[in-house]
Amino acid sequence: MPSDHTNQNPYYITTPIYYVNDRPHIGHCYTTLIADVAARAQRLVGRDTFFLTGTDEHAEKVSKTALENGKTPYEWATINAERFKDAFAFMDFSNDDFVRTTEERHISRASAYIKKLMDQGDIELGDYEGWYDPSQEEYLTETVAKENNYKSPVTGRDLEKRVEQNYFFRLDKYEGWLREQIESGTIRVLPEARKNEVLGRLKTGLNKVPVSRKIKDGDPDWGIKMPGDDSHRIYVWIEALCNYLTTVDTDGRRAYWNGEVVHLMAKDILWFHAVIWPAMLHALGEKVPDTVYAHAYWISEGTKMSKSLGNFIEIDQLRAYAERYSLDAVRWFLTTQGPLGANDADFAHARFIEVYNADLANSIGNSMSRVGNMIDKYFNGEITRTCNGEFGFEGGKALQLAIQALNDAGKSPDDPSRTFDFPKTTQAAVDSALQALAKLDLEEMLDSGRSIVRFVDDFISYSAPFTLAKRVGELEHADKALATILYSCAEALRIASLLLYPAMPAKMAQLWRDWNCNHLRDPGDHNSPFLTPLSELATWTGEHSMSVGQRVSKGEVMFMRADANEPTPGSEPA
Ligand code: MSP
């Protein structure tokens, strides 16, 4: 069942496993980041979560580039698998495992699945003639090949006509079943535009798909042999897909497969995940994925990234951005500005600076330091009152006093009767974040966090606590009113920080250290588990709220404002 936001099943999220012919780039980091943000959010909600990524190693292009680099395929795969691991550690990804398809645990189980499919007649031997795209290592149908002028739709390179004796998977048997699964949403294909594409292609009919490659003289010894037939290897795509199951097909992890399964990828490989893989699983008698989510592409400064143009945003460039603006700023930009929906997104330096200043330096960071600074300045860095949301306390109303202070100073808010319902606003933001998370709309989820920040900013402009502060000692109860106002801001920002945390785990952990919110989790380790689920952590004046006596220190500036004319990090001459 696709999740509603109260789903408490175990949650299993995967990324594609990436080819190790080359080093990782922004595209690989993006999908894995999206998975990381979703996984962190689900853990925060309190769900038992498993997040898997890894590398796809048995491709022909891996053995080819290995040879060009004077390495064995395994040596070359290892060099690049390490680069992926390093990049993902740098990005602060919280994956629970990293699978390499050259590992025995994968090889033995993938072979067993294929054997089962052979034994039960879902895989059979036959002749195959088709258009092969060597750059993508896949066969294309006659229609697709023709539409693309017999060039690869992805790389534009020539297709090759190949005839082979192969083993075939009887995908054709599952056409009706697949259509029903996808139409009904049992397999939820997202975004909607992608679902329609898949259903459209399904209408043109399904053929058997080749699942092996005959071994030719001189072929490198690379890939998993077909069970019971040493003259064929399992087609790399078919065994690669199996990784999602092989990695959790253990006593301790099976619950993840039986929970909610979410596969993330870009649109290039949706067909494999939405059609071929579910059909294989169904034939194996396994549960099918609940969600198959295919995002669009990053392009770079308006241009498609390609090897020939050499314009990939590389990890080194992301590192340079992280050094200058912080890693969490990079994570924020990629998550909120990325191609999560059906449209491609542009990685442009000017846009990065714009978003960095607008969302982080001027909004989230500014709001958090402003409130911390005021508590530091007016109350010696200590929370002295709480507020149940009504701004009421013996002897007066905080907001009324703030307005009075403003009036006395010859100013007044636009609408003196305005109300600010903090508990309701923060609860609504949490609810909408959870609904967005259930449909993997992570931009909307994070925007719910930002909506609280906007609310606080608006409230500060309205109530002008700095004006009220000048009247402490003169205006009766001004101190209590000020404490109430600042408490409300701090408590709201604490709740906002929980919703922003999945994208910016280190910065939010820094805030929790500065504000002594030690009850949220282990303050020394921003990847440690939360002590209780979000529903409890985010309760207004609940057990985990800001409390009287809590120390709030100013802390360092979270995000320094950036100059629009700063050069692109990583572009300066060394
Ligand atoms: N090995 C296969 C996947 C097997 S999964 C069982 C493969 N690997 S890949 O290295 O080519 O990675 C493709 C994936 O990388 C895309 O689906 C996407 O997740 C990510 N991206 C690669 N380039 C991208 C962009 N330009 N933009 C966004 N994501 C991109 O295919």
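Heads up: these notes are all about the structure in this document. Computed from a prediction, not measured in an experiment: that's the story for all the values here.

1. Here we look at the overall build of the protein chain
Looking only at helices and strands, the protein chain features 21 helices and 17 strands. Taken against the 2.2 N^0.38 rule, which gives 25 Å for 574 residues, the C-alpha radius of gyration of the protein chain at 27 Å falls within 12% of a compact globule. Taken along the three principal axes of its C-alpha coordinates, the protein chain extends 95 × 55 × 40 Å. Counting all 574 residues of the protein chain, 58% fall into the buried class.

2. Notes on the pairing of strand 6 (residues 160–169)
Here strand 4 (residues 123–133) runs beside strand 6; their pairing, made up of 10 bridges, is antiparallel. What sits directly across from Ile123, in strand 6, is Phe169. Sheet analysis places strand 6 next to strand 8 (residues 209–210), joined by two bridges and oriented antiparallel. Within strand 8, the residue paired with Phe169 across the bridge is Val209.

3. Digging into the site of the ligand
Looking at the ligand, there are 23 residues lining it, with Ile17, Thr31, Asp56, Ala266 and Trp298 nearest. Note that an oxygen atom of the ligand is positioned 3.0 Å from one of the backbone N or O atoms of Tyr19. At 2.7 Å from a nitrogen atom of the ligand is found a side-chain nitrogen or oxygen belonging to Asp56. If the ligand stood free it would expose 670 Å²; the protein chains cover 92% of that surface. When each cavity is represented as a set of grid points, the ligand is found to reside in the largest pocket. Elements supplying a minimum of two residues to the shell around the ligand: strand 1 (11–19), helix 1 (26–45), helix 8 (236–241) and strand 12 (260–266).

4. Quick word on the layout of surface pockets
For the largest pocket, the calculated volume is near 1,500 Å³. In this structure, the largest pocket is lined by 50 residues; those nearest its centre are His25, His28, Lys61, Gln136 and Phe312. Contributing elements (two or more residues each) for the lining of the largest pocket: strand 1, helix 1, helix 2 (60–68), helix 8, helix 11 (270–283) and strand 14 (298–300). In terms of residues, the lining of the largest pocket owes the most to one element, helix 2, which gives five residues. Grouping the constituent residues of the lining of the largest pocket by class yields 21 nonpolar, 15 polar and 14 charged. For the lining of the second largest pocket, the secondary structure elements donating two or more residues are strand 4, strand 5 (138–140), helix 5 (142–147), helix 7 (192–203), strand 8 and helix 11. With five residues, strand 4 is the largest single contributor of residues to the lining of the second largest pocket. Each residue belonging to the lining of the second largest pocket can be placed in one class, and the counts come to 20 nonpolar, seven polar and 13 charged.

5. Digging into the sheet that holds strand 6
Across the sheet, which stays open at both edges, the four strands sit in the order 5-4-6-8 with antiparallel pairing between neighbours. Two strands in the sheet have a free side with no partner beyond their single neighbour: strand 5 and strand 8. Packed on one face of the sheet, helix 11 meets strand 5, strand 6 and strand 8 and runs near 30° to strand 6.

6. Points about the nonpolar core
Grouped together as the largest cluster of nonpolar side chains are 189 residues, with contacts concentrated most on Phe169, Leu318, Leu334, Phe347, Phe352 and Leu468. Counting residues per element, this core draws most heavily on helix 19 (residues 478–500), at 16 residues. Not counting residues within four places of it along the chain, the set of residues in contact with Leu468 comprises Leu401, Ala402, Ala405, Leu475, Ala478, Ala481, Leu482 and Ile485.

7. Here's the deal with helix 12 (residues 315–325)
Listed in full, the buried residues belonging to helix 12 are Ile315, Leu318, Ala320, Tyr321, Ala322 and Tyr325. A positive backbone phi angle near 95° is found at Ser326, which sits one or two residues after helix 12.

8. A look at unusual backbone geometry
In this structure, the amide linkage connecting Leu190 to the following residue, Pro191, adopts the cis form with an omega of -10°. Along the chain, Pro191 turns up in the loop between strand 7 (188–190) and helix 7. Its identity as a non-glycine residue notwithstanding, His477 has a phi of 70°, on the positive side. Relative to the assigned elements, His477 resides in the loop between helix 18 (465–469) and helix 19.

9. Brief notes about the packing of helix 12 against helix 13 (residues 327–337)
One can describe the packing of helix 12 onto helix 13 by two numbers: an axis separation of 6 Å at closest approach and a directional angle of 120°. With respect to each other, helix 12 and helix 13 are oriented oblique. Each of Leu318, Tyr321, Ala322 and Tyr325 in helix 12 lies in contact with helix 13, whose residues at this interface are Leu327, Ala329 and Val330. Residue composition of the contact of helix 12 with helix 13, by class: seven nonpolar, no polar and no charged.

Thresholds applied
- Residues numbered from 1 in each chain as written.
- Predicted model: local features only at pLDDT ≥ 70, side-chain atom pairs only at ≥ 80, totals over all residues.
- Heavy atoms only, no water.
- Helix = DSSP H or I, 4+ residues; strand = E, 2+ residues; numbered from the N terminus.
- Rg over C-alpha atoms; globule rule 2.2 N^0.38 Å.
- Buried < 20%, exposed > 50% of the residue type's maximum accessible area, 1.4 Å probe, protein only.
- Pairing = 2+ DSSP bridges.
- Near = heavy atom within 4 Å.
- Polar contact = N/O pair within 3.5 Å; in protein donor to acceptor, adjacent residues only side chain to side chain.
- Areas by Shrake-Rupley, 256 points an atom, 1.4 Å probe, with all protein chains shown as cover.
- 1 Å grid on protein atoms, 1.4 Å probe; cavity = no way out; pocket = protein on both sides within 12 Å on 5 of 7 lines; lining within 4 Å.
- Sits in = over half its atoms within 2 Å of the grid points.
- Points joined across faces, edges and corners; volume = space filled by probe spheres on them.
- Nonpolar A, V, L, I, M, F, W, Y, C, P; charged D, E, K, R; others polar.
- Contact = heavy atoms within 4.5 Å.
- Axes fitted to C-alpha atoms, helices over the stretch in contact; angles between N-to-C directions.
- Core = buried A, V, L, I, M, F, W, Y, C linked by side-chain atoms within 4.5 Å.
- Parallel < 35°, antiparallel > 145°, perpendicular 65-115°, else oblique.

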